[in-house]
Amino acid sequence: MNAVESKKIWLSSPHMGGMEQSYVKQAFDTNWVAPLGPNVDGFEKDIENYLGDNNFVAALSSGTAALHLGLKLLGVSRGDEVLCQSMTFAASANPIVYLGAKPIFIDSEAQTWNICPEQLELAIKDRIAKGKKPKAIIAVHLYGMPYNVEAVHKIASEYKIPVLEDSAESLGSSYHGMKCGTFGDIAILSFNGNKIITTSGGGALIAKKPEQREKAIFLATQARDNAPHYEHTEIGHNYRMSNIIAGIGRGQMEVLEKHVNNRRNNFNFYKNNLSDSAEIKFLEEPTGFHSNRWLTCIETTSYELREGLRLALAEENIESRPLWKPMHRQPVFADCDAYLNGISDDLFDRGLCLPSGSNLEKEDLFRIVSVIKNILR
Ligand SMILES: *Cc1c(COP(=O)(O)O)cnc(C)c1O
């Protein structure tokens, strides 16, 4: 339509605050160009201060690495079964397979799009009846919306199964005033390029006890025993965060609240401009739930309308994307059991993620909304 190609609008792009380069420069100036140093320590402290007391943070190379170590700390090993939210990014489930354990997928609930407490309890009872108690539960706060914390953790503690809280998309979200990342026996964060704050790539493990954090760092640094030479009694990983990357993280922590506000403003803009259409629905926050609105997602009335919107946006150089394809429908997990109620399948067919970066301009938002309105009309 436009003779000149209009500016590309991304789904969620990195957004620097301004101080990142000075932390990175400090690392160069002091020659801390290594997977340890003052920025790593400082970034961990920044996150601990943000999350509050009794959270012990290990900065790692990715959220996936944090999930892998988290499962190890919870004792998951070969032959175990791990219950995992089906509607999520594959990174939530892949580390189960790294350990030779088996993912069992649990469908979503309509209220939050996250792990359905009813299906979860059904699955636990059924696995126990079949002779194997699940070793852990992976629950995800998808798109920034907290999962049903009270119901999920009540079931987990009733059956004494630990929860690995995948908070990769929900730093800055909270549930009844308590911050996401503080609920699990272990929790993880991601600082990938598309997340609410980014270090280009990176992640963190959040432990409840200092010993767990120590153990995570031990495993992340090749499991070196205490000896003058290199001595190993366990298999380790090279998963620690670089001091350069952590410098970016320190700068980003300074603008976390601003990013959350911007993303929530995006959501409100879309909602105010589109909600008079009966063909589009927004995921509302239940009472006490506070979402960082990492991505604004809409539910359309049909697969055809969703595709119509997606293609019209692409035509105008605007990136959008269907919701996460549930893991129980991924070819790679075809042989895994799943406890289903149809909700994640339906969301995958009709849902669309809209551009949601904290660096979107008002004119970008107007452009996106006008493309959508044209299709709805
Ligand atoms: C991004 C993401 C991860 C993985 O984090 P990386 O840092 O990219 O390894 C895990 N789970 C969810 C839900 C994510 O969105």
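Residues numbered from 1 in each chain as written. Predicted model: local features only at pLDDT ≥ 70, side-chain atom pairs only at ≥ 80, totals over all residues. Heavy atoms only, no water.

Q: Would you mind going over the overall build of the protein chain with me for this structure?
A: Secondary structure assignment for the protein chain yields 12 helices and 15 strands. Whereas a compact globule of 377 residues would reach a radius of gyration of roughly 21 Å, the protein chain reaches 21 Å, a difference of no more than 12%. Projecting the C-alpha coordinates of the protein chain onto the three principal axes gives extents of approximately 70 × 60 × 35 Å. For the protein chain, contacts bridging at least 24 residues in sequence account for 73% of all contacts bridging at least 6. (Helix = DSSP H or I, 4+ residues; strand = E, 2+ residues; numbered from the N terminus. Rg over C-alpha atoms; globule rule 2.2 N^0.38 Å. Contact = heavy atoms within 4.5 Å.)

Q: Just checking my understanding: could you explain the nonpolar core for this structure?
A: Note on soluble globular proteins: their nonpolar side chains tend to be buried together. Membership of the largest hydrophobic core comes to 93 residues, with the highest contact counts inside it found for Ile47, Leu120, Ile137, Tyr143, Leu171 and Phe191. Non-local contacts of leucine 171, meaning those with residues more than four positions away in its chain, are made with Tyr50, Leu189, Phe191, Ile196, Ile197, Met253, Leu256, Val260 and Asn292. Counting 22 residues, the second-largest nonpolar core is a separate cluster that includes Ala312, Leu313, Leu352 and Leu354. (Core = buried A, V, L, I, M, F, W, Y, C linked by side-chain atoms within 4.5 Å. Buried < 20%, exposed > 50% of the residue type's maximum accessible area, 1.4 Å probe, protein only.)

Q: Which parts of the structure should I look at to understand the side chain of arginine 213?
A: By the secondary structure assignment, arginine 213 is in helix α7 (residues 210–220). A distance of 2.6 Å separates the side chain of arginine 213 from the side chain of glutamate 44, its partner in a polar contact. Contacts of arginine 213, omitting those with residues within four sequence positions, involve Glu44, Glu48, Phe56, Val57, Ala58, Ala207 and Arg240. (Polar contact = N/O pair within 3.5 Å; in protein donor to acceptor, adjacent residues only side chain to side chain.)

Q: Looking at this model, I keep getting lost on the site of the ligand. Mind explaining?
A: Around the ligand sit 16 residues in total, of which Thr64, Asp166, Glu169, Ser190 and Lys195 are the nearest. One of the side-chain nitrogen or oxygen atoms of threonine 64 is found 2.5 Å away from an oxygen atom of the ligand. Between the ligand and lysine 195, the relevant distance is 3.3 Å, taken from an oxygen atom to a side-chain nitrogen or oxygen of the residue. Compared with its free state, where it exposes 380 Å², the ligand has 95% of that area covered by protein. No other element matches the three residues that helix α3 (residues 63–73) contributes to the shell around the ligand. When grouped by side-chain class, the residues that make up the shell around the ligand number five nonpolar, eight polar and three charged. (Near = heavy atom within 4 Å. Areas by Shrake-Rupley, 256 points an atom, 1.4 Å probe, with all protein chains shown as cover. Nonpolar A, V, L, I, M, F, W, Y, C, P; charged D, E, K, R; others polar.)

Q: For this particular structure, what's the right way to read unusual backbone geometry?
A: Glycine aside, residues mostly have negative phi angles, and peptide bonds mostly take the trans form. Backbone geometry at serine 200 places phi at a positive 80 degrees, although glycine is not the residue there. Within the fold, serine 200 resides in the loop between β8 (186–190) and β9 (203–207). Positive phi outside glycine occurs at asparagine 317, with the angle close to 65 degrees. Along the polypeptide, asparagine 317 turns up in the loop between α10 (303–315) and β13 (321–322).

Q: How should the domain arrangement of the protein chain be read in this particular structure?
A: Buried accessible area, meaning the area lost when the parts come together, often serves as the stated size of an interface. If you check the domain split of the protein chain, you get domain 1 (20–253) and domain 2 (256–376). The straight-line distance from the C-alpha centre of domain 1 to that of domain 2 is 25 Å. In this assembly, 48 residues from domain 1 lie in contact with 39 residues from domain 2. Here domain 1 meets domain 2 over a buried area of about 3,900 Å², counting both sides, of which 62% is carbon and sulfur. On the domain 1 side of the contact with domain 2, Trp113, Tyr143 and Ile196 bury the most area, a combined 21% of that side's loss. Linking domain 1 to domain 2 there are two salt bridges. Where domain 1 meets domain 2, there are 27 residue pairs in polar contact (both at pLDDT 80 or more). Going through the elements one at a time, α4 (94–98), β3 (102–106), α5 (117–129), β6 (174–175) and α8 (243–253) are the ones with two or more residues in the side of domain 1 that touches domain 2. Classifying every residue of the side of domain 1 that touches domain 2 gives 24 nonpolar, 16 polar and eight charged. (Domains from an automatic or database assignment. Buried area = accessible area lost by both parts, 1.4 Å probe. Salt bridge = Lys/Arg side-chain N within 4 Å of Asp/Glu carboxyl O.)

Q: Help me out: how do you make sense of the packing of aromatic side chains in this one?
A: Working definition: an aromatic ring pair is given by the centre-to-centre distance plus the angle between the planes. Counted under the stated rule, the structure contains 10 aromatic pairs. Between phenylalanine 43 and phenylalanine 191, the aromatic rings sit 5.0 Å apart at their centres with planes inclined by 55 degrees, giving tilted as the arrangement. One end of the pair, phenylalanine 43, is in helix α2 (residues 38–51); the other, phenylalanine 191, is in the loop between β8 and β9, with 148 residues separating them in the sequence. For the pair formed by phenylalanine 43 and phenylalanine 191, the shared burial category is buried. (Phe/Tyr/Trp six-rings, centres within 6.5 Å; stacked < 30°, edge-to-face > 60°.)

Q: Explain helix α1 (residues 20–29) here, please?
A: Every α-helical turn comprises 3.6 residues, leaving residues that sit three or four positions apart pointing alike. Looking at α1, one finds that the buried residues are Glu20, Tyr23, Val24 and Ala27. The arc that holds every buried residue of α1, seen down its axis, measures 100 degrees, which confines them to one face. Away from its buried face by more than 90 degrees, α1 exposes Gln21, Phe28 and Asp29. Summarising the contacts, the buried residues of α1 are in contact with α2 and α8. Following α1 by one or two positions, asparagine 31 adopts a phi angle in the positive range, close to 60 degrees. (Arc of directions from axis to C-beta.)

Q: Any chance you could explain the sheet that holds strand β11 (residues 289–290) here in plain terms?
A: Sheet strands pair via backbone hydrogen bonds, and the direction of the pair is either parallel or antiparallel. The sheet built from three strands is open, its strands ordered β7-β6-β11 with antiparallel pairing. Every other strand in the sheet has two partners, leaving β7 (178–179) and β11 as the edge strands with one partner each. Bridge analysis of β6 against β7 gives two bridges, and the strand direction is antiparallel. The partner of serine 174 across the bridge, within β7, is lysine 179. (Pairing = 2+ DSSP bridges.)

Q: Help me understand the packing of α2 against α8 in this model?
A: Geometry of a packed helix pair, given as the angle between the helix axes and the separation of the axes. The geometry of α2 relative to α8 is characterised by a closest axis approach of 7 Å and an angle of 35 degrees between their N-to-C directions. The handedness of the crossing between α2 and α8 comes out as left-handed. In this structure, α2 contributes Pro38, Asn39, Val40, Gly42, Phe43, Asp46, Ile47 and Tyr50 to the contact, and α8 contributes Asn243, Ala246, Gly247, Gly249, Arg250 and Met253. (Axes fitted to C-alpha atoms, helices over the stretch in contact; angles between N-to-C directions. Left-handed = near helix turned anticlockwise from the far one by under 90°.)

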